[in-house]
Amino acid sequence: TPRPTPDVARPTPRPTPSPVIGQPTPTPGAGQATPTPEIGQPSPSPNGGQPSPTPGVEQPSPTPNADSEDASITPTPDVGPDSSNLPASTATPTPTPVCVDAEWIQSHHAGYEVHSAPTFAEVLCFGSLPCATTGHVVSRAGELMTMAELCSREACSAKSMYVNGVQHVRHNLMPCDGDVCMTTLDARANSVWKRMENHMVYRLLQTRLPNIAQSLTKIQLRSASV
């Protein structure tokens, strides 16, 4: 007769507790709970704990600080023209008066002076002609020359006196000594152009036409006032 099998004591299974909502689920083997990140908090960044920039959003460029500029940068000075290449300034020379004895003019051509007041100057005197400055023009046998050129060929004396000019309208009344005649012309510059100008004016005055003499006198007075 078979023996009855004795009852083996079996372990009673324990009920598995249901997880509570909102509680961390334990990690097998670690025994530590993984914290649930809160919504709205930036994720930690590995570079010093600074929040990572949001992708796709343009970040403003940092405004440079004027005080942070390199102080060693020296502004380039404004370089002007090299003064060593500029010509040396020359004082404008005072023009030499080109005139005739003022007392003689007062006696023979009063009211026809070129300048409002006489000027004191060095003069040359030839024969019976009134004394005149070195740049005053005379005619010798129809050839125009200055008093300086005349006195380089003929004997003259030098003096100092007050002088003035005679207007062109009185040209035909200027005196002569032999073949040397005084004119109303001057050659202060005594250049080639001035000689050509004097030659043309002299020929025009020789026509003795009043309107030409008056026109030339206007030009003469205008030039004397400059």
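Here is what the cut-offs are and how they apply
- Residues numbered from 1 in each chain as written.
- Predicted model: local features only at pLDDT ≥ 70, side-chain atom pairs only at ≥ 80, totals over all residues.
- Heavy atoms only, no water.
- Helix = DSSP H or I, 4+ residues; strand = E, 2+ residues; numbered from the N terminus.
- Buried < 20%, exposed > 50% of the residue type's maximum accessible area, 1.4 Å probe, protein only.
- Contact = heavy atoms within 4.5 Å.
- Areas by Shrake-Rupley, 256 points an atom, 1.4 Å probe, with all protein chains shown as cover.
- Pairing = 2+ DSSP bridges.
- Polar contact = N/O pair within 3.5 Å; in protein donor to acceptor, adjacent residues only side chain to side chain.
- Expected span 1.5 Å × (residues − 1).
- Arc of directions from axis to C-beta.

*Asks:* Lay out the overall build of the chain with the relevant residues and their values.
*Replies:* Across its full length, the chain carries four helices and seven strands. Beginning at the N terminus, the succession of helices and strands in the chain can be written as β-α-β-β-β-α-β-β-β-α-α. Burial analysis of the chain (226 residues in total) assigns 25% to the buried set. Taking all contacts inside the chain whose residues are at least 6 apart in sequence as the whole, residues at least 24 apart take part in 70%. Summing over all exposed atoms, the chain offers an accessible surface of approximately 17400 Å²; the carbon and sulfur share of this is 56%.

*Asks:* How would you sum up the pairing of strand β4 (residues 143-146)? Please name residues and give values.
*Replies:* Bridge count for strand β3 (residues 136-140) against β4 is four bridges, and the pairing is antiparallel. The residue of β4 that forms the bridge with R140 is E143.

*Asks:* Account for the side chain of N164, naming residues and giving values.
*Replies:* Turning to its location among the elements, N164 is positioned in strand β5 (residues 157-164). The exposure class assigned to N164 is buried, which follows from its relative accessible area of 4%. In this structure the side chain of N164 is engaged in a polar contact, spanning 3.1 Å, whose partner is the backbone nitrogen of H115. Not counting chain neighbours up to four residues away, the residues in contact with N164 comprise C99, V100, A102, I105, E113, V114, H115, A117 and P118.

*Asks:* Explain helix α4 (residues 210-225) to me, using residue names and the numbers behind them.
*Replies:* For α4, which comprises 16 residues, the first-to-last C-alpha distance of 23 Å matches the rise-based estimate of 22 Å (1.5 Å per residue) to within 8%. Along α4, the residues that are buried comprise A213, L216, T217 and Q220. Buried residues of α4, viewed axially, fall in a sector of 110°; they line one side. Facing away from the buried side of α4, by more than 90 degrees, are the exposed residues N211, K218, R222 and S225. The secondary structure elements touched by the buried residues of α4 are β7 (180-186) and α3 (192-206).

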